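# Observations on the model geometry
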Amino acid sequence: MTDYITVTADSDTGRTGAIKLHGPEAFEGMRRAGRLAAETLDMIVPHMVPGVTTGEIDDLVRTFTLDHGAVPATLGYRGYAHSCCISINHVVCHGIPGEKTLKSGDIVNVDVTPLLDGWHGDTSRMYLIGDVPIKAKRLVDVTYECLMLGIEQAKPGNHLGDIGHVIQRHAEGHRYGVVRDFCGHGVGRMFHDAPEVVHVGRPGTGPELKPGMIFTIEPMINIGRPDVKLLDDGWTAVTRDRSLSAQFEHSIGITEDGCEIFTGSPKGFDRPPY
C-alpha cells in the first residue's frame, strides 16, 4: 500500500518513505530552482565543443551556480567532489568530470542540480559534439521522445506504471534497451525522495499520481542491451556491452489537471541540436 503525506514548505524535513504532496510554496520554490538548473545547461551550450575538458565544463557549472545564489547539490554529496555529472557515449550516468577532452562525434549528458533556497532543481540534457553519426543522433532523439511521452502520462489518476510503460514501449519499439538499474525519484527539499520512478512498467500499476507530487523522469536508453556495470570509482555507470547510451531528465510537479515542467529551457534548448 502506498503512503502519501501532505507537507508544507516548513514541515518537509526528511525522507520517510511516504510520497509527499506539496503545496503552492513548494511549486514556487521548484520553479526557481528548476529555472536556474535549465539556465545552467543553456549557459554551457557554446562551450560543448571538441577540445574542451569535462573538468572545464564542471568549473563553468560551479561558478554559474554559485554566482546565482545556489550551491551544486552534488558537491560533497556522499563524497562526490564535483558540481555536475558528465557522461560521454557509453557512460550511462554519473560520469566524473576531469581531464577527459570532448571530441567530434561524442554524445554527452550533463546532469546538474542547483540547490537554491532549499529546493533542488534536477535536470540533465544531451549535447552533440561536432559531427555526430546518424545512429547516435537517432538514439538521442528517441530518448528525448521517451522523456516527453512519459511526461504526457504524468497527470492525476494515472499511475507511475503508465509513465514507465510508454517509455519502455517507445524505446523497445526502436530495439533499444531501457536501463533498469537507475530511475527517477521524488525531489524537492530532499535531493532524492520517494517515489522511485522506474522507466519500464505496466499501465495502471504502481503508485497513483496525485496533485502535489514532485519527482523526476529521467530515462536512460541504450542502443544495445539495458545492462550496466559500475566502474571501480564507485560512481561511473557504463553499458555492459559498451553500446551508446543517452539520457534526458526533467523535474515535474503534478497539478490538478496535468503536470508542470520546472526545468524547461528558457532559450528553447531542450532538444539538440542547439
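Keep in mind the model is a prediction, meaning the values are calculated, not measured. (Residues numbered from 1 in each chain as written. Predicted model: local features only at pLDDT ≥ 70, side-chain atom pairs only at ≥ 80, totals over all residues. Heavy atoms only, no water.)

The next point concerns the nonpolar core. Core analysis: the biggest nonpolar cluster contains 34 residues, and I107, I163, F215, I217 and I221 have the highest contact counts within it. Within the residue set of this core, elements represented by two or more residues are β2 (19-21), α3 (134-152), α4 (160-173), β12 (193-197), β13 (214-217) and β18 (250-254). The dominant element in this core, judged by the number of residues it contributes, is α3, at eight residues. The residues touching I107, leaving out its near neighbours within four places in the chain, are S87, I88, N89, M126, Y127, L128, V132, A136, L139, V140, L244 and S245. (Core = buried A, V, L, I, M, F, W, Y, C linked by side-chain atoms within 4.5 Å. Buried < 20%, exposed > 50% of the residue type's maximum accessible area, 1.4 Å probe, protein only. Helix = DSSP H or I, 4+ residues; strand = E, 2+ residues; numbered from the N terminus. Contact = heavy atoms within 4.5 Å.)

Following the criterion strictly, the structure yields six aromatic pairs and no others. Summarising the aromatic geometry, the rings of Y127 and Y274 are spaced 5.4 Å apart at their centres and angled 70° between planes, so their arrangement reads as edge-to-face. You can see Y127 sitting in strand β9 (residues 123-128) and its partner Y274 sitting in the segment after β19 (259-261), a full 147 residues away along the chain. When its relative accessible area of 1% is taken as the criterion, Y127 is described as buried. Ring pairing ties together the aromatic residues Y127, F269 and Y274, which thus form one cluster. Its end group placed over the ring of Y274, R125 keeps NZ or CZ at 6.0 Å from the ring centre. The residue whose ring lies beneath K210 is Y4, and the NZ or CZ to ring-centre distance is 4.0 Å. (Phe/Tyr/Trp six-rings, centres within 6.5 Å; stacked < 30°, edge-to-face > 60°. Lys NZ or Arg CZ within 6 Å of the ring centre and 35° of its normal.)

Pairing is antiparallel across the open sheet formed by three strands, whose spatial order is β5-β16-β15. Two strands bound the open sheet, and with one partner strand each, they are β5 (91-93) and β15 (228-230). Averaged over all neighbouring strand pairs, the angle between strand axes comes to 40°, with direction disregarded. With two bridges connecting them, β5 and strand β16 (residues 237-239) associate as antiparallel partners. In the sheet register, C93 faces β16, and the bridge partner there is A237. (Pairing = 2+ DSSP bridges. Axes fitted to C-alpha atoms, helices over the stretch in contact; angles between N-to-C directions.)

Summed over the entire model, instances satisfying the criterion amount to two cavities of 30 Å³ or more. Space inside the largest cavity adds up to approximately 60 Å³. Around the largest cavity, the lining comprises 14 residues; the ones closest to its centre are K20, H22, V187, A194 and I214. Mapped onto the lining of the largest cavity, the elements with two or more residues apiece are β2 and β12. (1 Å grid on protein atoms, 1.4 Å probe; cavity = no way out; pocket = protein on both sides within 12 Å on 5 of 7 lines; lining within 4 Å. Points joined across faces, edges and corners; volume = space filled by probe spheres on them.)

Helix α2 (residues 54-67) packs onto helix α1 (residues 24-43) with a crossing angle of 140° between their chain directions and a minimal axis gap of 10 Å. One element, α1, and the other, α2, form an angle in the oblique class. In this structure, the crossing between α1 and α2 has a hand that is right-handed. For the pair α1 and α2, contact is made by L36, E39, T40 and M43 and by L60, V61, F64 and T65, respectively. (Parallel < 35°, antiparallel > 145°, perpendicular 65-115°, else oblique. Left-handed = near helix turned anticlockwise from the far one by under 90°.)

It is worth spelling out the layout of surface pockets at this point. Rolled over the atoms, a probe sized like a water molecule indicates the empty space that remains. Taken as a whole, the largest pocket encloses approximately 580 Å³ of empty space. If you list the elements that add at least two residues to the lining of the largest pocket, you get β6 (107-112) and β11 (184-186). Along the lines of polarity and charge, the residues of the lining of the largest pocket split into ten nonpolar, seven polar and eight charged. The volume enclosed by the second largest pocket comes to roughly 220 Å³. Contributing to the lining of the second largest pocket are 19 residues, with I86, I88, H90, V91 and K100 lying nearest its centre. Broken down by element, the lining of the second largest pocket gets its largest block of residues, three residues, from strand β4 (residues 85-88). In the lining of the second largest pocket, the residues fall into seven nonpolar, seven polar and five charged. (Nonpolar A, V, L, I, M, F, W, Y, C, P; charged D, E, K, R; others polar.)

Across the sheet, which stays open at both edges, the three strands sit in the order β10-β14-β17 with antiparallel pairing between neighbours. In this open sheet, the two strands that pair with only one neighbour each are β10 (177-178) and β17 (245-247). When β10 meets strand β14 (residues 220-222), the two strands line up antiparallel, connected through two bridges. Note that in β14 the partner of V178 across the bridge is I221. Seen against the sheet, α3 touches β14 and β17 and runs at an angle of roughly 35° to β17.

Taking 1.5 Å of rise per residue, 14 residues should cover 20 Å, and α2 covers 20 Å from first to last C-alpha, within 8% of that figure. Regarding α2, the residues found buried are T54, G55, I57, D58, V61, F64 and T65. In this fold, the buried residues of α2 make contact with α1, β3 (71-72), β4, β6 and β7 (114-116). Downstream of α2 by a residue or two, G69 has a phi angle that is positive, lying close to 80°. (Expected span 1.5 Å × (residues − 1).)

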